[in-house]
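Letter by letter, the chains look like this.
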Amino acid sequence: MSSSPLGGSSANPGSSSAGHASTTTKVVVATTVALSFISFWRGAAIVLSDMASTMFYIGGITEQAIGKTAPWFILAVMLYSFAVRSVYMESCSMFVRGGVYVVVRDAMGPMMAKISVSALIVDYILTGPISSVSAGQYLGHLINETLAKLHQPYHIDPATFAASFGVAVTLYFWYSNLKGIHESSQKALRIMQITTVMVVLLLGWSAYTLIVRGGAPLPPSPTLENLRFTPESLGWFEGTFWPSIAGVGLLIAFGHSLLAMSGFETLAQVYREIAYPKMKNLKITGNIVCFYAVMSTGLISMLAVMIIPDSVRPRYYDNLIGGMVESLDGNALLKYGFHLFVVIVGTLILSGAVNTSIIGANGVLNRVAEDGVLLKWFRKPHAKYGTSARIIHLITILQLLTILGSRGDVYLLGEAYAFGVVWSFFMKALGVLALRFQRHDQEYKFPFNFHIAGREIPFGLATMTFSLLLIAIANLVSKKVATVYGITFTIVLFILFSVSEYVNRQKQKRKEKGLEQFNLEHQVEVTADCLEARPGCVLVAVRGWKQMGHLRKVLEKTNLRRHDIVVMTVRPVAVGTGEHDLADEQLFTSYEQELFSHVVQVAEKEGKPVDLLVVPAVDPFDAMVQTANKLKASRLVSGVSPKMASEELARRIGLAWEKLDEPRHPFSLEIIAEGRSSVFVNLGPHPPRLWPEDLDLLHEIWLKLSGDEQFGSRLHHRDVVGLALSRLEKDLNSADRDEIVGQLAKELRKS
């Protein structure tokens, strides 16, 4: 047993942590992130909010690159997405902690891991610009159409407007992410429901148009003879014999269409949040996404070529669905109304993709930082909001520079975007293939596996990986812009990660010498048994070692005969950080070590033992109330940032408590801040604290009623309160609600 006032037995006494002084303390580390789980419908909505947005721009981009046969290749890519879905499912089923960086690092080494993450960041960085600029193109063309219908001489340049709109949308979501306000899965579901209405109407109206016109020829068949490459779409292939080879030509065309599947990596991001049974629900989610993409992106691209006349279609390459609406048969006013609806839906879903890109890039860079390959400076929390502000700033600056550099050209952005998409898919498949020979705990495996001499041969997965490699190479040679941009960006990120890793290692060696050493006990989830804390304990949340005033006050006034003290810190996990939880070494970093070293010093000074706990979570307020609920704590104590009002913190924690599943454990919340009065709030059903005048009024009403013969001695104060509450509930559902709310507001001002 340790002699430290922190208490607890020393797990793994032979570990390196025992080399410190006499106080080697146990820290319980929860390995499962505190999350609110979602259904497969909401999971599919989140993925489609990113992936389905490609229907608004992929048709025009691909036709510019390969000609009128483009829809066949887009449809082929949508069918190909079912195979990519299986790669992601196997990756999720292996449960390799730590996200994409750790998965690839364990499979192929740290260098490949850095390259893989760099390509994925390129993907995320470009998702935002192409989505926001595409939305701006649709809005710009609609404005011009409206001005023309009103016979106004004004005209705006759609490209300039699109770039300006892209900047505005990016800045809006930069501010939202800075504050930590993330789009909910419910909102994503609502957007996809509205989008589905638009898709159904568009497909139905298109079918009606084709019937009225007596049909229309399908796009030219996907053969080498029908491909129409431009010098830009051939890149370094131009002037060589390679494109004349059928297999190579079709591969180049397929590569130009692969952009239709961008956003599919979000499937891995939602895996952790999908409700049980996870793998079954993930498969359903993936199937919904793929079928939806075939029916929306695939069919709309096909119908656009069939409905929009060849002579005018080039005018709509940046606004293809708008061109479809213009070319439909029907009343002009009705078509204008539908065009307006299409643009509103497009703006919603494309803007949502901008938000997803910032969240995804922030999550990946946070994971990289957690593994020590990004300077600690980037991870410093925002003073007010607690978000990884510097990483968000970096992502936003890169996206803004990309938008301004493109000048609103969707085709240029699409070409550059393809680099990150194809290489992130290939690196994911390669990592899963390498892990297939190292691990055998997959709940799901990519189909078509053979056994020879007792050894499994992953033929299907190997074929899939090889096909992605061929597509990636074809894109590398045929897309000059994508190659130059992507490779330059990847090299810059690779150098940044390598230098950061070296600097962090040197700092860590110097720092560890002066810090407390801890034995870590990893638990799947928080329970009272793993902490040995009695029900009714006091839970103290800490985050910054310079703000320990609330912990000192708790230690001073808590009677340990009645209450144990548990000190917890929330390990922030950014939204969209990957399909798996953090690796063990990422859960307890140098930051947590330094924080708990100061906790040890404060506790030793007071001579009182505390239990130490780390809980990873996306939302710190959810983590705090979930932990208090599981430990059956009597009180949760927290400090507060000088820039946040104590009442605001209490409100957020209260909302988090309301989201808990029943039965919810009631406890009191105390918020302590230097220079402010402490705030006390009871969470859950509890007797209200009545003012003296309230008690006097209650007693007077009771006296008046108890004098009635039908009550006599049977009437109690509780009966009066019960009746008053029932009448108030009834009146709140009546026409007198506004009057009652106004009276209540006056009472609040009095207090």
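Residues numbered from 1 in each chain as written. Predicted model: local features only at pLDDT ≥ 70, side-chain atom pairs only at ≥ 80, totals over all residues. Heavy atoms only, no water.

### Regarding the overall build of the protein
Argument step 1. Scanning the protein for helices and strands turns up 26 helices and 10 strands.
Argument step 2. Here the protein holds 751 residues, and 54% of them are scored as buried.
Argument step 3. Of the contacts formed within the protein by residues at least 6 apart in sequence, a portion of 81% connects residues at least 24 apart.
Argument step 4. For the protein, the exposed area adds up to about 33,400 Å²; of that, 62% sits on carbon and sulfur atoms. (Helix = DSSP H or I, 4+ residues; strand = E, 2+ residues; numbered from the N terminus. Buried < 20%, exposed > 50% of the residue type's maximum accessible area, 1.4 Å probe, protein only. Contact = heavy atoms within 4.5 Å. Areas by Shrake-Rupley, 256 points an atom, 1.4 Å probe, with all protein chains shown as cover.)

### Some points on the packing of aromatic side chains
Argument step 1. What the rule picks out here adds up to 17 aromatic pairs.
Argument step 2. Ring centres of Phe40 and Trp41 lie 5.6 Å apart, and the angle between their planes is 40 degrees; this geometry places the pair in the tilted category.
Argument step 3. A relative accessible area of 22% means that Phe40 is categorised as partly exposed.
Argument step 4. Seen from their ring centres, Trp377 and Phe378 are 5.2 Å apart, and the 80 degrees between their planes marks the pair as edge-to-face. (Phe/Tyr/Trp six-rings, centres within 6.5 Å; stacked < 30°, edge-to-face > 60°.)

### A word on the packing of helix α5 (residues 110-149) against helix α6 (residues 158-179)
Argument step 1. Where α5 meets α6, the closest approach of the two axes is 7 Å, and the angle between their N-to-C directions is 130 degrees. By the criterion of interaxial angle, the relationship of α5 to α6 is oblique. With respect to the hand of their crossing, α5 and α6 are arranged in right-handed fashion. On α6, the residues that touch Ser132, Val133, Ala135, Gly136, Gln137, Leu139, Gly140, His141, Ile143 and Asn144 of α5 are Pro158, Ala159, Phe161, Ala162, Phe165, Gly166, Val169 and Thr170.
Argument step 2. Each residue belonging to the contact of α5 with α6 can be placed in one class, and the counts come to 10 nonpolar, 8 polar and no charged. (Axes fitted to C-alpha atoms, helices over the stretch in contact; angles between N-to-C directions. Parallel < 35°, antiparallel > 145°, perpendicular 65-115°, else oblique. Left-handed = near helix turned anticlockwise from the far one by under 90°. Nonpolar A, V, L, I, M, F, W, Y, C, P; charged D, E, K, R; others polar.)

### Section: the pattern of salt bridges
Argument step 1. If you walk through the whole model with that rule in mind, you get 19 salt bridges.
Argument step 2. Of the charged contacts, one joins Glu63 and Arg313 as a salt bridge, the two residues approaching to 3.0 Å between their closest N and O atoms. Residue Glu63 is located in helix α2 (residues 58-66), and its partner Arg313 is located in the loop between α11 (278-307) and α12 (320-327); the two are separated by 250 residues in the primary sequence. Per residue, the accessibility class of Glu63 equals that of Arg313, and both read buried.
Argument step 3. For Glu501, the salt bridge is made with Lys114, and the minimal N-O distance between the two is 3.0 Å. Taken as a pair, Glu501 in helix α17 (residues 480-512) and Lys114 in helix α5 lie far apart in primary sequence, 387 residues in all. The pair Glu501 / Lys114 is uniform in exposure class, with both members buried. (Salt bridge = Lys/Arg side-chain N within 4 Å of Asp/Glu carboxyl O.)

### Quick look at the side chain of Asn281
Argument step 1. The residue Asn281 is located in helix α11 in this model.
Argument step 2. Here Asn281 falls in the buried class, since its relative accessible area comes to 9%.
Argument step 3. What Asn281 contacts, discounting residues up to four positions off in sequence, is Phe40, Ile274, Ala275 and Tyr276.

### Side note on a nonpolar patch on the surface
Argument step 1. Taken together, the side chains of Phe448, Phe450, Ile452, Ile457 and Phe459 present a nonpolar region at the surface, about 540 Å² in accessible area.
Argument step 2. Examined against the element boundaries, Ile452 turns out to sit in strand β2 (residues 450-452).
Argument step 3. We classify Ile452 as exposed; its relative accessible area is 56%. (Patch = residues over 30% accessible without salt bridge, like charges linked within 9 Å, V, L, I, M, F, W, Y side chains within 5 Å.)

### With respect to unusual backbone geometry
Argument step 1. Following Glu662, the chain continues into Pro663 via a peptide bond in cis, with omega recorded as -5 degrees.
Argument step 2. Position of Pro663 relative to the elements: it lies in the loop between α23 (646-658) and β9 (667-671).
Argument step 3. The residue Arg407 is not glycine, and still its phi comes out positive at about 55 degrees.
Argument step 4. In this fold, Arg407 is placed in the loop between α14 (389-406) and α15 (410-436).
Argument step 5. Positive phi, normally seen in glycine, also occurs at Lys632, with a value near 55 degrees.
Argument step 6. In this fold, Lys632 is placed in the loop between α22 (620-631) and β8 (635-638).

### Comments concerning the nonpolar core
Generally speaking, soluble globular proteins have nonpolar side chains that are buried together.
Argument step 1. Core analysis: the largest hydrophobic core is formed by 139 residues, its most contacted members being Phe56, Tyr80, Leu258, Met261, Phe264 and Phe425.
Argument step 2. With 17 residues, α15 is the largest single contributor of residues to this core.
Argument step 3. The contacts of Phe425, once residues within four sequence positions are left out, are Val84, Tyr88, Leu258, Met261, Phe264, Glu265 and Leu468.
Argument step 4. In terms of nonpolar packing, the next biggest core, distinct from the first, is built from 36 residues, Ala623, Met644, Ile653 and Leu669 among them. (Core = buried A, V, L, I, M, F, W, Y, C linked by side-chain atoms within 4.5 Å.)

### Structural notes on the environment of Leu374
Argument step 1. The topology assignment puts Leu374 in the loop between α13 (332-370) and α14.
Argument step 2. Once the C-alpha coordinates of Leu374 and Asn504 are considered, the two residues, 130 residues apart in sequence, prove to be 7.9 Å apart.
Argument step 3. Every residue in contact with Leu374, bar those within four places of it in the chain, is listed here: Leu365, Val368, Ala369, Ile391, Leu496, Phe497, Ser500 and Asn504.

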